[in-house]
There are 2 protein chains.
Amino acid sequence: MGDEPVRRAREGFRWDGVELLSYKDEGSAPFRDVTRQVLFADAAGGAEWRYFEVAAGGWSTLERHEHTHAVMVLRGRGRCLVGLRVHEVGERDLVEVPPLTWHQFRAAPDAPLGFLCLVSRVRDRPQLPDQQALASLRSNPAIAAFLDGRHR
Amino acid sequence: MGDEPVRRAREGFRWDGVELLSYKDEGSAPFRDVTRQVLFADAAGGAEWRYFEVAAGGWSTLERHEHTHAVMVLRGRGRCLVGLRVHEVGERDLVEVPPLTWHQFRAAPDAPLGFLCLVSRVRDRPQLPDQQALASLRSNPAIAAFLDGRHR
């Protein structure tokens with residue numbers, strides 16, 4: 001975290017002393033146009049506080065894991081799947097992703113979706129849906145439309 | 001946190017299902033015009049994610065403790081003391097308060113200072129400065145001016 005107690009916000013949702021990172025290694029999982037910044041690597045006795053930004057039309061990986069996410073949207077708007085429901089989200093909305101719950105964040109076609117996301121530093125690896133899990137999710141028309149980037 | 005995975009932001013930096021609380025019990029410690037909202041009571045395996053708002057001209061308690069604060073300003077502007085330095089802060093600036101470091105947040109005279117603050121759910125009680133600690137801090141003219149709400 002460096003020696004300075006204060007790190008200034010810069011234009012474009014960047015911060016002094018905070019590196020702009022890839023969301024994940026290319027090819028490790030499906031996603032489109034997502035960046036990651038670690039704001040606090042070791043906060044509150046074991047939490048990692050990150051800022052993710054999904055560019056307009058982009059989406060995070062559809063995945064689930066034992067660890068939870070606590071999210072606040074900071075920029076723009078979009079939709080998220082949490083479990084079996086799709087939610088419209090905008091600035092300062094709060095999202096909680098419980099353990100082992102399928103989730104994905106999608107930016108609007110014409111706006112980015114930037115959000116703060118809190119996780120435990122010690123956490124399990126995300127699981128991707130297999131063919132059966134994906135078919136089960138897609139049997140819900142609202143989820144199928146969401147995963148295809150369509151608004152119903 | 002309730003059953004809903006999404007809690008919407010409302011006007012005025014309030015959220016659905018999030019109660020507006022006193023900062024502290026009146027008389028327990030010196031402060032002026034501060035509110036507290038607990039956004040996530042148990043995030044990331046042991047963190048509490050709060051939003052504090054200091055009204056224009058108000059200030060949080062001058063205190064220190066073993067636990068750390070990870071802070072992001074969300075609204076308005078002001079100044080904060082962290083250790084022996086006073087910093088101007090504004091929207092999206094990040095502040096880290098290390099263990100046992102004197103700190104205080106003061107809103108500008110004409111703007112609120114709202115900030116996200118992450119702490120461990122399990123944490124020690126804040127310590128207030130005794131006369132000697134206060135005199136030592138006040139021996140620094142910049143800190144004395146800050147504590148008196150003066151801009152030097």
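Going by the structure above, here's the rest.
Keep in mind it's a predicted model, so treat the numbers as computed, not measured.

Topic: the overall build of chain A
The number of helices and strands found in chain A is 2 helices and 12 strands. Reading the helices (α) and strands (β) of chain A from amino to carboxyl end gives β-β-β-β-β-β-β-β-β-β-β-β-α-α. With the C-alpha coordinates aligned to their principal axes, the bounding extent of chain A is approximately 50 × 35 × 30 Å. Excluding contacts between residues fewer than 6 apart, the proportion of contacts in chain A whose partners are at least 24 apart in sequence is 65%. For chain A, the computed accessible surface area is about 7200 Å², with 47% contributed by carbon and sulfur atoms.

Notes on the interface of chain A and chain B
Each side of the interface is counted separately: chain A has 38 residues, and chain B has 38 residues. Counting the surface lost from both chain A and chain B, the interface buries some 3400 Å², and carbon and sulfur atoms represent 64% of this. On the surface where chain A and chain B come into contact, there are 4 salt bridges. In this structure, the connection of chain A to chain B is made through 14 residue pairs in polar contact (both at pLDDT 80 or more). Bridge count for strand E1 (residues 6–7) of chain A against strand E10 (residues 94–97) of chain B is 2 bridges, and the pairing is antiparallel. Note that in E10(B) the partner of A:Val6 across the bridge is B:Val95.

Re the relation of the copies chain A and chain B
Both copies of the chain are related through a single rotation about an axis accompanied by a shift along the same axis. Mapping chain A onto chain B is achieved by rotating through 180° and translating by 0.0 Å along the same axis, at an RMSD of 0.0 Å. Accordingly, the operation relating the two chain copies is best matched by a two-fold axis. For chain A, the residue whose C-alpha comes nearest the rotation axis is A:Ala47, separated from it by 3.5 Å. Interface overlap between copies: 100% of the residues of chain A at the interface are likewise at the interface in chain B, consistent with a symmetric, same-surface contact.

Quick notes on the environment of A:Trp59
With respect to the helices and strands, A:Trp59 occurs in strand E6 (residues 47–59). Residues contacting A:Trp59, with those up to four places away along its chain left out, are A:Pro30, A:Phe31, A:Arg32, A:Val34, A:Val54, A:Gln104, A:Phe105 and A:Arg106.

What to know about the pairing of strand E8 (residues 78–82) of chain B
Residue and element names in this part refer to chain B. Of all 5 residues in E8, 5 are buried, a share of seventy percent or more. Two strands pair when backbone bridges link them, and E8 and strand E9 (residues 85–89) are joined in this way by 5 bridges, in the antiparallel orientation. Its bridge partner being in E9, Arg79 is matched across the sheet by Glu88. Following E8, the chain reverses through 2 residues before pairing antiparallel with E9; Gly83 in that reversal takes a positive phi of roughly 70°. With 5 bridges joining them, E8 and strand E11 (residues 103–107) adopt antiparallel strand pairing. Bridging across to E11, Leu81 finds its partner in Gln104.

Considerations on the pairing of strand E6 (residues 47–59) of chain B
Residues and elements named next belong to chain B. With 8 bridges connecting them, strand E5 (residues 32–43) and E6 associate as antiparallel partners. Residue pairing in the sheet places Phe40 in a bridge with Trp49 of E6. Following E5, the chain reverses through 3 residues before pairing antiparallel with E6; Ala44 in that reversal takes a positive phi of roughly 50°.

Here's the deal with the pattern of salt bridges
Residues and elements named next belong to chain A. Going through the model one piece at a time under the given rule, you end up with 22 salt bridges over all chains. The salt bridge partner of Lys24 is Glu63, with a shortest N-O separation of 2.4 Å. One end of the pair, Lys24, is in the loop between strand E4 (21–22) and strand E5 (32–43); the other, Glu63, is in the loop between E6 and strand E7 (69–76), and 39 residues separate them in sequence. According to the relative accessible area criterion, Lys24 is buried, its value standing at 18%. Through salt bridges with shared partners, a single ionic network connects Glu48, Arg50 and Arg123.

Procedures and definitions
Residue numbers restart at each chain and count upward from 1, following the sequence in its written direction. Naming scheme: in the order in which they are written, chains are lettered from A and ligands are numbered from 1. Predicted model: local features are reported for residues with pLDDT of at least 70 only, side-chain atom pairs are reported and counted for 80 or more only, and whole-chain, interface and lining totals are derived from all residues. Values shown for side chains rest on all heavy atoms present in the structure; no hydrogens or waters enter the calculation. Numbering goes from the N terminus for both helices and strands, where a helix is a DSSP run of H or I of at least four residues and a strand is a run of E of at least two. In this analysis, two residues are considered to be in contact whenever any of their non-hydrogen atoms come within 4.5 Å of each other. Residue-level accessible areas treat just the shown protein chains as cover; the underlying method is Shrake-Rupley with a 1.4 Å probe. Values labelled buried area give the accessible surface lost by two parts on being combined, using a 1.4 Å probe and summing over both. Salt bridge, as applied in this entry: a Lys or Arg side-chain nitrogen positioned within 4 Å of an Asp or Glu carboxyl oxygen. Identification of polar contacts relies on pairs of N or O atoms within 3.5 Å, with a donor-acceptor requirement for protein atoms, meaning one able to donate a hydrogen and the other able to accept it, and with residues adjacent in sequence counted only if both atoms are side-chain atoms. Paired strands, in this sense, are two strands between which DSSP finds at least two bridges. When the copies are overlaid, the least-squares fit takes in C-alpha atoms only where the residue has pLDDT of at least 70 in both copies. Each residue gets one of three labels from its accessible area relative to the maximum for its type: buried under 20%, exposed over 50%, partly exposed in between, using a 1.4 Å probe on protein chains only.

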